[in-house]
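Commentary on secondary and tertiary structure
Listed below, chain by chain, are the residues.
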Amino acid sequence: MSKNTDWQISSPLQVIQQRAFLLAEIRSYFADKKVMEVETPVLSSASNTDLQIEVFNTQALVAHNKSSFLRTSPEFFHKRLLASGSGDIFELAKVFRLGESTRLHNPEFTLLEWYRLNFDMKHLMQEVVELIQLLRGQFGLNEMPVSVISYQELFSNHLNFDPFDVSDEHLSRLAQDAGYHGPLLSRTAALDFMFGVQIEPLLNDEVGYLIHDFPIEQAALAKPHQLYADRCLRFEFLWGGVELANGYQELTDADEQLRRFEDDNLNRKLMDKPVLPIDTRLIAAMANGLPECSGVALGIDRLLMCLLNKQSISEVMPFQASNS
Amino acid sequence: MSVYNTSQFKNGLKIIFNGDPHNIVDNQEVKPGKGQAFNRVKMKNLITGRSIEKTFKSGEKVDAADVMEMSMQYLYTDGEFYHFMDPDSYEQYEASPEAVADCIKWLKEEDICTVILWDNSPISVEPANFVELKITETDPGLRGDTSGGGGKPATLETGAVVQVPLFVPEGEIIKVDTRSGEYVGRVKK
């Protein structure tokens, strides 16, 4: 008889039942709001160009391509659906991002992504909090206090400087004083450092943080801010030091979107990272008319981890990179 | 010289930082949102013993420190340097007073200890967790007092001073925990 126990799942059955319950609650929430569930492809001929996301690739889907890519989010397909007149939609999507398995990351994970027509960023932020509070209730937790705070306020409250009014030199010195060691950081990377290493450990674990109006360099697919050219309509939701959700009031300008993707690839080249095929069908859909909307992606494994007060997503995943 | 990528960082890895060999004691990956990932590292300078915390950009490379731990026998001091020997190869190593530091107060000749070598020369020495040493000087205790309630200082053959119970006499061999510097018990010979 083999003593191999490798086949066994790595989280208790009870957690699997709790995941099923969570997914059912989410589906019922969106059914009540008349948001339609959709399914979109896992494999795509085009790729996400984001500098900080590493994409899996595999054999080509169609003969004339070299390879195809596993989606890092269903966003591009969702926008093509929205441009086709789908109305409000959501998906519970398996997505893939290369990277080490850590407390908060597994290369394959589940995102809840949803889009709301004619919602501005603030409106969608409210809906994220409403859903989280509802799910907390279903999991026997009290309503949590939520702090709505801009990226600028977050920095000035915790580190006493304005991220939009600090010179590159000063920012670089602040990072070094805070223990950064290595080659000069770009402005964006230095802010990421201050955010992740300096600010996040200072946040209250019992409070949910809705952080909004990120620097325009971190806009990705978000609309620029109406009043401040250096900011964009992007938000994140943090709970217990964990980034649970990332949302945008969506950019609808196809030319601007194409320019950002091309910039990504330019920077990829500079950083010796592979240049990736831009999703021209998404750009064409936007040029045809993406309706005004806001959308957000929420990590389901992280959410379940927080709801069950676990320390690592591996505790809520029966199968992970190490045993799948 | 070999290098490590931050993705290879783990506790116990020896790297060169600011020219000195360091031992990683804690490594945490920090990834803010969709942004740049970092490795936040706590490490101990193997020469000075000081701990520091530094953050590296994930994907950066650092030089590996050619650091080795070896069991060696302490031979003698010539007044300036301390001499150790690898009992397998009989190869001898010379350590500076800075490398031996406080450890010397637990070492008597022929004792086995751990010597840490960097590029093949000793940078620090660690005594065994428990050593057995003779008391060379202590006040006469109260005969019959075995309650262990009080204590008195005792000087050992290596010069170290430890607190021992009142009933332990001069000339006795005792066992000491070198990590805490505390008396453990008498050694029956």
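What counts as what
- Residues numbered from 1 in each chain as written.
- Chains lettered and ligands numbered in written order.
- Predicted model: local features only at pLDDT ≥ 70, side-chain atom pairs only at ≥ 80, totals over all residues.
- Heavy atoms only, no water.
- UniProt positions renumbered as here; feature names shortened; annotations may be inferred.
- Helix = DSSP H or I, 4+ residues; strand = E, 2+ residues; numbered from the N terminus.
- Rg over C-alpha atoms; globule rule 2.2 N^0.38 Å.
- Buried < 20%, exposed > 50% of the residue type's maximum accessible area, 1.4 Å probe, protein only.
- Contact = heavy atoms within 4.5 Å.
- Areas by Shrake-Rupley, 256 points an atom, 1.4 Å probe, with all protein chains shown as cover.
- Axes fitted to C-alpha atoms, helices over the stretch in contact; angles between N-to-C directions.
- Left-handed = near helix turned anticlockwise from the far one by under 90°.
- Pairing = 2+ DSSP bridges.
- Patch = residues over 30% accessible without salt bridge, like charges linked within 9 Å, V, L, I, M, F, W, Y side chains within 5 Å.
- Salt bridge = Lys/Arg side-chain N within 4 Å of Asp/Glu carboxyl O.
- 1 Å grid on protein atoms, 1.4 Å probe; cavity = no way out; pocket = protein on both sides within 12 Å on 5 of 7 lines; lining within 4 Å.
- Points joined across faces, edges and corners; volume = space filled by probe spheres on them.
- Nonpolar A, V, L, I, M, F, W, Y, C, P; charged D, E, K, R; others polar.
- Domains from an automatic or database assignment.
- Buried area = accessible area lost by both parts, 1.4 Å probe.
- Polar contact = N/O pair within 3.5 Å; in protein donor to acceptor, adjacent residues only side chain to side chain.

Under the annotation held in an unreviewed UniProt entry, chain B carries the name Elongation factor P and is attributed to Marinicella litoralis. If you open the UniProt record of chain B and go to Sequence similarities (unreviewed entry), you find "Belongs to the elongation factor P family."

Identification of chain A as Lysyl-tRNA synthetase class 2 from Marinicella litoralis is taken from an unreviewed UniProt entry. If you open the UniProt record of chain A and go to Catalytic activity (unreviewed entry), you find "D-beta-lysine + L-lysyl-[protein] + ATP = N(6)-((3R)-3,6-diaminohexanoyl)-L-lysyl-[protein] + AMP + diphosphate + H(+)".

1. What to know about the overall build of chain A
Scanning chain A from N- to C-terminus turns up nine helices and eleven strands. Taken over C-alpha atoms, the radius of gyration comes to 20 Å for chain A, in line with the 20 Å a tight globule of 324 residues would show. With respect to the principal axes defined by its C-alpha atoms, chain A has extents near 65 × 50 × 45 Å. Burial statistics for chain A: of 324 residues in total, 52% are counted as buried. Once local pairs closer than 6 in sequence are excluded, the contacts in chain A between residues at least 24 apart make up 68%. Put simply, chain A shows about 15,400 Å² of open surface, and 50% of that area lies on carbon and sulfur atoms.

2. Thoughts on the packing of helix 5 (residues 168–177) of chain A against helix 6 (residues 187–199) of chain A
Residue and element names in this part refer to chain A. Across the interface, helix 5 lies against helix 6 with an axial gap of 10 Å and an inter-helix angle of 35°. The two elements helix 5 and helix 6 cross, and the hand of that crossing is left-handed. Note on element contacts: helix 6 touches helix 5 through R187, A190, L191, F193 and M194, opposite D168, L171, L174 and A175.

3. Overview of the sheet that holds strand 7 (residues 67–77) of chain B
All names here are of chain B. Pairing is antiparallel in the open sheet, where five strands are placed in the order 9-8-7-10-11. Each of the sheet's edge strands pairs with one partner strand only, and the pair in question is strand 9 (92–95) and strand 11 (121–126). Averaged over all pairs of adjacent strands, the angle between their axes in this sheet comes to 45°, without regard to strand direction. The pairing of strand 7 with strand 10 (residues 112–118) spans seven bridges and is antiparallel. The partner of M68 across the bridge, within strand 10, is L117.

4. Quick word on the sheet that holds strand 3 (residues 57–59) of chain A
All names here are of chain A. Pairing is antiparallel in the open sheet, where three strands are placed in the order 2-4-3. At either end of the open sheet lies a strand with only one pairing partner, and these are strand 2 (43–44) and strand 3. As paired elements, strand 3 and strand 4 (residues 67–70) share three bridges and run antiparallel to each other. Among the inter-strand pairings, N57 is bridged to a residue of strand 4, identified as F69.

5. With respect to a nonpolar patch on the surface
All names here are of chain A. Taken together, the side chains of V42, L43, L61 and V62 present a nonpolar region at the surface, about 270 Å² in accessible area. Structurally, L43 is set in strand 2. For L43, a relative accessible area of 32% corresponds to the partly exposed category.

6. Remarks on the UniProt feature "domain: Aminoacyl-transfer RNA synthetases class-II family profile" (unreviewed entry) in chain A
Following the UniProt record, one finds the feature "domain: Aminoacyl-transfer RNA synthetases class-II family profile" (unreviewed entry) at residues 22–318 of chain A. Here residues 22–318 of chain A is 35% helix and 22% strand, with 15 Å between the C-alpha atoms at its ends.

7. Comments concerning unusual backbone geometry
Notably, K34 of chain A is not glycine yet its phi reads approximately 60°, a positive angle. Relative to the elements of secondary structure, K34 of chain A occurs in the loop between helix 1 (13–32) and strand 1 (36–37). Note on K34 of chain A: relative accessible area 70%, which makes it exposed. Backbone geometry places N18 of chain B, a non-glycine residue, at a positive phi of 50°.

8. Overview of the pairing of strand 11 of chain B
Residues and elements named next belong to chain B. Inspection of the sheet shows strand 10 paired to strand 11 by five bridges, in the antiparallel sense. Opposite T114, over in strand 11, you have E126 as the bridge partner. Where strand 10 folds back onto strand 11 in an antiparallel hairpin, the turn is made up of two residues, including D119, whose phi is positive at roughly 50°.

9. So, empty space enclosed by the protein
All names here are of chain A. Counted according to the given criterion, the structure contains one cavity of 30 Å³ or more. Approximately 40 Å³ is the volume attributed to the largest cavity. Taken together, S172, A175, Q176, Y180, P183, L184 and L185 form the lining of the largest cavity. When grouped by side-chain class, the residues that make up the lining of the largest cavity number five nonpolar, two polar and no charged.

10. Overview of the domain arrangement of chain B
Residues and elements named next belong to chain B. Under the domain assignment used here, chain B contains domain 1 (3–64), domain 2 (67–127) and domain 3 (130–186). A straight line from the C-alpha centre of domain 2 to that of domain 3 covers 26 Å. Domain 2 puts six residues into the contact, and the matching count from domain 3 is eleven residues. For the pair domain 2 and domain 3, the two sides together bury roughly 650 Å², of which 69% comes from carbon and sulfur. On the domain 2 side of the interface with domain 3, the three residues burying the most area are K105, W106 and K108, jointly 81% of the side's total. Taken together, domain 2 and domain 3 are joined by zero salt bridges. Inspection of the domain 2/domain 3 interface yields two residue pairs in polar contact (both at pLDDT 80 or more). Grouping the amino acids of the side of domain 2 that touches domain 3 by side-chain chemistry returns four nonpolar, no polar and two charged.

11. Description of the interface of chain A and chain B
Listed as interface residues are 24 residues of chain A and, on the opposing side, 19 residues of chain B. For the pair chain A and chain B, the summed buried surface comes to about 1,800 Å²; carbon and sulfur atoms form 55% of the total. Of all residues in chain A, the largest losses of buried area upon contact with chain B belong to Q52, H181 and V197 of chain A, amounting jointly to 29% of the total for that side. At the boundary of chain A and chain B, one finds zero salt bridges. The tally of links from chain A across to chain B stands at three residue pairs in polar contact (both at pLDDT 80 or more). Mapped onto the side of chain A that touches chain B, the elements with two or more residues apiece are helix 6, strand 9 (231–239) and strand 10 (242–249) of chain A. With six residues, helix 6 of chain A is the single largest residue contributor to the side of chain A that touches chain B. Taken together, the residues of the side of chain A that touches chain B sort by class into eleven nonpolar, six polar and seven charged.

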